[in-house]
Amino acid sequence: MAVLEILKYPDERLKRVSAPVSVFDDELRRFVAELEQTMAAGPAAVGIAAPQVGRVQRIVIVDVSGRPGTRSSGHMVLINPQILRREGEAIGREGCLSVPDCTGNVARAQRIELAAMNESGQRREYLCEGFEARAVQHEIDHLDGILFLHRLTGKRDLFRRKVYKS
Ligand code: ZN
């Protein structure tokens, strides 16, 4: 098992549009496990998308369960995710493993209904709200080659991140 290298903005490969997964095999499950390890190694990461490690397939992981006071569906492996419904709008601060030096304010739907496959190819549906809904929308954007930097609410809504203590 390995922690994978994360592509950093402005790497052009982050702009690629990812392809759907059609084969749910052991190789895919191994990759998902490596993606999980890579996310766990990131500072306070709540999500990661396969294209961030150079694999242009529609695979994301979101887990906000470590954030106190946040409604969470637990650990979500979302393969070929589709947002079925969006409700409301909220502006909130986002960061990204591929944009380590900055955070920014982005408008997202407040509540989403979501369908995705898990790593065994079973279809699951989720209802996500608030910060979890934000994290899912952020990660799905990666599958379409979009970073939060492209969605900032205004020019003044980009902030330099405090340095993480190691
Ligand atoms: Zn990101």
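Residues numbered from 1 in each chain as written. Predicted model: local features only at pLDDT ≥ 70, side-chain atom pairs only at ≥ 80, totals over all residues. Heavy atoms only, no water.

Engineer: Account for the overall build of the chain, naming residues and giving values.
Structural biologist: From N to C terminus, the chain includes two helices and eight strands. Counting from the amino terminus, the chain carries its helices and strands in the arrangement α-β-β-β-β-β-β-β-α-β. Taken against the 2.2 N^0.38 rule, which gives 15 Å for 166 residues, the C-alpha radius of gyration of the chain at 15 Å falls within 12% of a compact globule. Viewed in the frame of its principal axes, the chain has a C-alpha envelope of about 45 × 35 × 30 Å. (Helix = DSSP H or I, 4+ residues; strand = E, 2+ residues; numbered from the N terminus. Rg over C-alpha atoms; globule rule 2.2 N^0.38 Å.)

Engineer: For the sheet that holds strand β3 (residues 76-87), give the residues involved together with the corresponding values.
Structural biologist: Hydrogen bonds between backbone groups are what pair the strands of a sheet, and the pairing can be parallel or antiparallel. Read across the sheet, five strands follow the order β1-β2-β3-β6-β7 without closing on themselves; strand pairing throughout is antiparallel. Unpaired on one side and paired on the other, β1 (47-49) and β7 (123-129) mark the two borders of the sheet. Averaged over all neighbouring strand pairs, the angle between strand axes comes to 35°, with direction disregarded. Pairing between β3 and strand β6 (residues 111-117): six bridges, direction antiparallel. (Pairing = 2+ DSSP bridges. Axes fitted to C-alpha atoms, helices over the stretch in contact; angles between N-to-C directions.)

Engineer: Can you tell me about the pairing of β3, naming the residues and giving the values?
Structural biologist: Where strand β2 (residues 59-62) lies against β3, four bridges are found, and the strand directions are antiparallel. Each bridged residue has a counterpart across the sheet, and for Ile61 the counterpart in β3 is Val77.

Engineer: Would you mind going over the coordination of the zinc ion in detail, with residue names and values included?
Structural biologist: Looking at the metal site, the zinc ion is ligated by Cys96 (SG), His138 (NE2) and His142 (NE2), spaced 2.0 to 2.2 Å from it. The sequence pattern describing where the donors of the zinc ion fall on their chain is C-x41-H-x3-H. Taken together, the residues Cys96 in strand β4 (residues 90-96) and His142 in helix α2 (residues 130-143) connect sequence positions 46 residues apart. In terms of burial, Cys96 and His142 fall into one category: buried. (Donors = N, O, S within 2.8 Å, 3.2 Å for Na, K, Ca; no water. Buried < 20%, exposed > 50% of the residue type's maximum accessible area, 1.4 Å probe, protein only.)

Engineer: Can you lay out α2 for me, pointing to particular residues and giving the numbers?
Structural biologist: In a regular helix each residue adds 1.5 Å, so 14 residues correspond to 20 Å; α2 covers 21 Å between its end C-alpha atoms and thus fits that length. A large share of α2 lies buried, amounting to 12 of its 14 residues. Every buried residue belonging to α2 is among Glu132, Ala133, Arg134, Ala135, Val136, Gln137, His138, Glu139, Ile140, Asp141, His142 and Leu143, and all of these are buried. Where α2 terminates, the next one or two residues include Gly145, which has phi positive at roughly 75°. (Expected span 1.5 Å × (residues − 1).)

From the geometry alone we can't say anything about function, so treat these as descriptive.
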